[in-house]
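Spelled out, the chains give:
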Amino acid sequence: MAIRMLDIQAQLVPIQDQLEAAATKVLRRGHFVLGEEVEALEHELATYCGARYGVGVASGTDALLLALAAVGVTRGSQVITTPFTYVATVQAVTHLGATPVFVDIDPQTFNLDAEQVQRAVGRRTKAIIPVHLFGQCAEMDPICDLAARRGLAVVEDSAQAVGATYHGRGACSLGHLGCLSFYPTKNLGACGDGGMVLTNDEELYQRLRLLRVHGRADGYFYLIDGFNSRLDEIQAAFLRVKMRGLREYTAARQRNAALYDELLADLPQIRTPYVPAHNVHVYHQYSIIAERRDDLREYLKAHGIDSAVYYPLPLHQQEIYRHFRRRLPVAEWTCQHILALPIAPEVVTTDGVRTVSEAIRAFYRK
Ligand SMILES: Cc1ncc(COP(=O)(O)O)c(C=O)c1O
């Protein structure tokens, strides 16, 4: 039997009835954009992540865009971030007319290297975006301390990290603002696009609520220049159903990860994910560093096992950001060696993890 990276339909089967009931409720109510489901979801997710406020928006990309706008990133600002992320992190910066400043990553966690962030701060720096890549938080204390000293905003890209914790505190509650994506493949995925910005700051919360509806207060009166970025009721209703199982779903990913860790531990050609003791990883991806990565991937494919490369080319080497000339060797090397294995509980459980691990061992025995 083939082992795929994802099977969203299989994920939905056990909750199909609940999803249909949620959709029917929204259809009968006839209120489709921002409403009681969105508000309830905002409260539930803020509580889940340990933040005070949530603002539902149209996507994870928009969550980042609105968060940056809320802290005053504009044309001419610089925003420090990682080149080893999904492109949306950086497009949120460029779409505001600001300039991304890429900083290299930590070779073990693949997240921003805090020391290098410090060296990159300049006169025009306005914000830092640590990305909690693959489901584990970046090293936030030094980043937040630096930001406090230099008057910078910290916007967490938690698109892959709902429920992850750092020193016991939730992703999205660590910086000034935290951004979630509900893209269907995410750990908490909608049946369409969606996103949310979380914050503990009442003033930022109020500004975000204006920003998502054109800067409109009541009626046709506009207080700031905003966007159209609203979360649909039907998506919020689906997400509320899925939230009921989110803890268990995350625990199943963590069990799969622990088994991979155990079964691959003694292979010298492989490095399994490094998780510092103060982090709880939610394994949006289980990404290993592998010798002869591309050959391994081919071998797995020939044995019916899918894998994926997140990401094959760091952003500073992409055509769109080619003006950023600096070398960032750790990110570049990581892109050549990283490989994500099937981790989602709807595609692998104990047997599946054993099959994948055995195939990896067989490849290196050859
Ligand atoms: C790290 C990261 N940031 C931002 C996003 C953008 O989210 P969305 O696709 O919901 O716009 C994603 C996922 O797609 C992501 O993985």
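Everything numeric here is computed off the predicted structure, so don't read it as measured data.

> Can you walk me through the sheet that holds strand E1 (residues 53–57) in this structure?
Within a sheet, each strand pairs with its neighbour through backbone hydrogen bonds, oriented either parallel or antiparallel. An order of E1-E9-E8-E5-E4-E2-E3 is seen for the seven strands of this open sheet, with the pairing classed as mixed. Strands with a single pairing partner mark the edges of an open sheet, and in this sheet they are E1 and strand E3 (99–102). Across this sheet, the average inter-strand angle for adjacent strands is 25°, counted without regard to direction. By the bridge criterion, four bridges tie strand E2 (residues 78–81) to E3 in an arrangement that is parallel. Looking across to E3, one finds that Ile80 is bridged to Val101. Relative to E1, helix H3 (residues 36–49) is tilted by about 130°, and along the sheet it contacts E1, strand E8 (177–181) and strand E9 (195–199).

> Honestly, the site of the ligand in this entry has me stumped. Any pointers?
By nearness alone, 15 residues border the ligand, and Ser59, Gly60, Thr61, Ala159 and Ser181 come closest of all. Tallied by class, the residues present in the shell around the ligand amount to five nonpolar, eight polar and two charged.

> Got a minute to help me understand the sheet that holds strand E10 (residues 270–271) in this structure?
The strand order E10-E12-E13 describes an open sheet built from three strands, whose pairing is antiparallel. Looking along the sheet, the strands with just one partner apiece sit at the ends: E10 and strand E13 (338–341). In this sheet, strand E12 (residues 286–290) lies alongside E10 in antiparallel orientation, the contact comprising two bridges. Considered in E12, the bridge of Arg271 is made with Ile289.

> I'm lost on the pairing of E8 in this one. Help?
Counting buried positions along E8 gives five out of five residues, so the element sits mostly inside the fold. Judged by which residues are buried, E8 turns out to be covered on both faces: Leu177, Cys179 and Ser181 on one side and Gly178 and Leu180 on the other are all buried. Sheet topology places E8 next to E9; five bridges connect them, and they run antiparallel. Along E9, the bridge assignment pairs Leu177 with Thr199.

> How should I be thinking about the nonpolar core in this particular structure?
Across soluble globular proteins, nonpolar side chains have a tendency to be buried as a group. Core analysis: the largest hydrophobic core is formed by 110 residues, its most contacted members being Leu66, Ala67, Leu68, Ala127, Val155 and Val197. At eight residues, helix H4 (residues 60–70) tops the list of elements feeding residues into this core. When residues of this core are assigned to domains, at least three fall in each of domain 1 (8–103 + 110–243) and domain 2 (246–365). The residues touching Ala67, leaving out its near neighbours within four places in the chain, are Val155, Leu177, Cys179 and Val197.

> Could you clarify how one ought to interpret the pairing of strand E4 (residues 125–129) in this entry?
Two faces, one strand: in a regular strand the side chains alternate between the faces of the sheet. Within E4, five of the five residues are buried, which leaves the element mostly enclosed by the surrounding structure. Pairing of E2 with E4 involves four bridges; the strand directions are parallel. Paired with Val79 across the strands is Ala127, a residue of E4. Note: E4 against strand E5 (residues 153–157), two bridges, orientation parallel. Directly across from Ala127, in E5, lies its bridge partner Ala153. Crossover connection from E4 via helix H7 (residues 140–150) to parallel E5: handedness right-handed.

> Any chance you could explain the packing of helix H10 (residues 246–264) against helix H13 (residues 350–365) here in plain terms?
Where H10 contacts H13, the two axes come as close as 10 Å, and the packing angle between them is 30°. The orientation of H10 with respect to H13, classified from their angle, is roughly parallel. The two elements H10 and H13 cross, and the hand of that crossing is right-handed. Residues Asn256, Leu259, Tyr260, Leu263 and Leu264 of H10 form the contact with H13, whose own contacting residues are Thr350, Val353, Arg354, Ser357 and Ile360.

> Teacher, can you tell me more about the domain arrangement of the chain here?
Accessible area lost during the coming together of the parts is what is often quoted as the interface size. Split by domain assignment, the chain resolves into domain 1 (8–103 + 110–243) and domain 2 (246–365). Its C-alpha centre places domain 1 at a distance of 25 Å from the equivalent point of domain 2. Taken together, the contact between domain 1 and domain 2 spans 26 residues of the former and 22 residues of the latter. Counting residues per element, the ones that place at least two in the side of domain 1 that touches domain 2 are helix H1 (8–12), strand E6 (165–166) and helix H9 (233–243).

Parameters at a glance
- Residues numbered from 1 in each chain as written.
- Predicted model: local features only at pLDDT ≥ 70, side-chain atom pairs only at ≥ 80, totals over all residues.
- Pairing = 2+ DSSP bridges.
- Helix = DSSP H or I, 4+ residues; strand = E, 2+ residues; numbered from the N terminus.
- Axes fitted to C-alpha atoms, helices over the stretch in contact; angles between N-to-C directions.
- Contact = placed C-beta atoms within 7 Å.
- Near = placed C-beta within 6 Å.
- Nonpolar A, V, L, I, M, F, W, Y, C, P; charged D, E, K, R; others polar.
- Buried ≥ 20, exposed ≤ 12 C-beta atoms within 10 Å, placed from the backbone.
- Core = buried A, V, L, I, M, F, W, Y, C linked by C-beta atoms within 7 Å.
- Domains from an automatic or database assignment.
- Right-handed = clockwise from strand over helix to strand, strands pointing away.
- Parallel < 35°, antiparallel > 145°, perpendicular 65-115°, else oblique.
- Left-handed = near helix turned anticlockwise from the far one by under 90°.

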